[in-house]
Amino acid sequence: MEANLFLLIGAGVLVACGVYLMLDRAMTRMIMGIILLGNGANLLILQAGGQAGSPPIIGRESALYGERIADPLAQAMILTAIVISMSMTAFMLALAYRQYRYRTADVIERDQEDQAIAARPATASAAPDHDASDDPRTGRMNASGDNFGPRSFEEPVKEADGER
């Protein structure tokens, strides 16, 4: 198989620029990054499909390629990738429009919730799934703790943790 070096370099540049743009906080640059990344992936799949050939239909031959047919799998994957990248772009455009309607800033900032979660201690009692209201009268934790299922479900977990 002969690969076209120009198309391979082009695919690498598109993927690199797409990744760089996706790492930015501006929503429009993220959308542009997804578009470039999708196009770079399509070029890469095109190169992986091999050389050009006749249409992949039984009994159809072209004068230029003769009996050598093109790989239909690469063509089908490129069509699928085009649909997926188009739907991702449409979804992100809808998110950008919604963000613009609530506030006109294009930059996505860190959320107060994200900062609170990042600052939360790593102890088990601070975990979001920890049940702090085990006792219905006092609201305090008791020995039953986070027993959510039958004992047969809880015992293997307690044995692995060293409890008994």
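Residues numbered from 1 in each chain as written. Predicted model: local features only at pLDDT ≥ 70, side-chain atom pairs only at ≥ 80, totals over all residues. Heavy atoms only, no water.

### A short note on the nonpolar core
Among the nonpolar cores identified, the biggest contains six residues, and these are M27, M30, I31, I34, M92 and A96. Here the element with the most residues in this core is helix 2 (residues 27-48); it accounts for four residues. Discounting chain neighbours no more than four positions away, the residues touching M27 are M92, L95, A96, Q99, D106 and I108. (Core = buried A, V, L, I, M, F, W, Y, C linked by side-chain atoms within 4.5 Å. Buried < 20%, exposed > 50% of the residue type's maximum accessible area, 1.4 Å probe, protein only. Helix = DSSP H or I, 4+ residues; strand = E, 2+ residues; numbered from the N terminus. Contact = heavy atoms within 4.5 Å.)

### Digging into the packing of helix 1 (residues 5-22) against helix 2
When two helices pack together, you describe them by how their axes are tilted relative to each other and by the distance separating the axes. Contact geometry for helix 1 and helix 2: axes closest at 7 Å, N-to-C directions at 155 degrees. One element, helix 1, and the other, helix 2, form an angle in the roughly antiparallel class. The two elements helix 1 and helix 2 cross, and the hand of that crossing is left-handed. Of the residues contributing to the contact of helix 1 with helix 2, the split by class is 17 nonpolar, six polar and one charged. (Axes fitted to C-alpha atoms, helices over the stretch in contact; angles between N-to-C directions. Parallel < 35°, antiparallel > 145°, perpendicular 65-115°, else oblique. Left-handed = near helix turned anticlockwise from the far one by under 90°. Nonpolar A, V, L, I, M, F, W, Y, C, P; charged D, E, K, R; others polar.)

### As for the side chain of N42
Mapped onto the fold, N42 is located in helix 2. Overall, the relative accessible area of 10% leaves N42 in the buried class. Among residues more than four places away in sequence, those in contact with N42 are I78, A81 and I82.

### Quick notes on the packing of helix 2 against helix 3 (residues 72-102)
Where helix 2 meets helix 3, the axes come as close as 10 Å, and the angle between the chain directions of the two elements is 180 degrees. With respect to their mutual orientation, helix 2 and helix 3 come out roughly antiparallel. Looking at the contact of helix 2 with helix 3 residue by residue, the classes come out as 17 nonpolar, five polar and no charged.

### What about the side chain of S85?
Here S85 lies in helix 3. Exposure remark for S85: the relative accessible area of 16% places this residue in the buried category. At 3.1 Å, the side chain of S85 and the backbone oxygen of I82 are in polar contact. (Polar contact = N/O pair within 3.5 Å; in protein donor to acceptor, adjacent residues only side chain to side chain.)

### Section: the environment of L95
Its place among the elements puts L95 in helix 3. For L95, a relative accessible area of 35% puts it in the partly exposed group. For the pair L95 and M27, spaced 68 residues apart in the sequence, the C-alpha separation amounts to 8.6 Å.

### Observations concerning the environment of G53
Here G53 is to be found in the loop between helix 2 and helix 3. For G53, a relative accessible area of 18% gives the class buried. Put simply, G53 and L64 are eleven residues apart on the chain and 8.2 Å apart in space, counted from C-alpha to C-alpha. Every residue in contact with G53, bar those within four places of it in the chain, is listed here: Y65, R68, I69 and A70.

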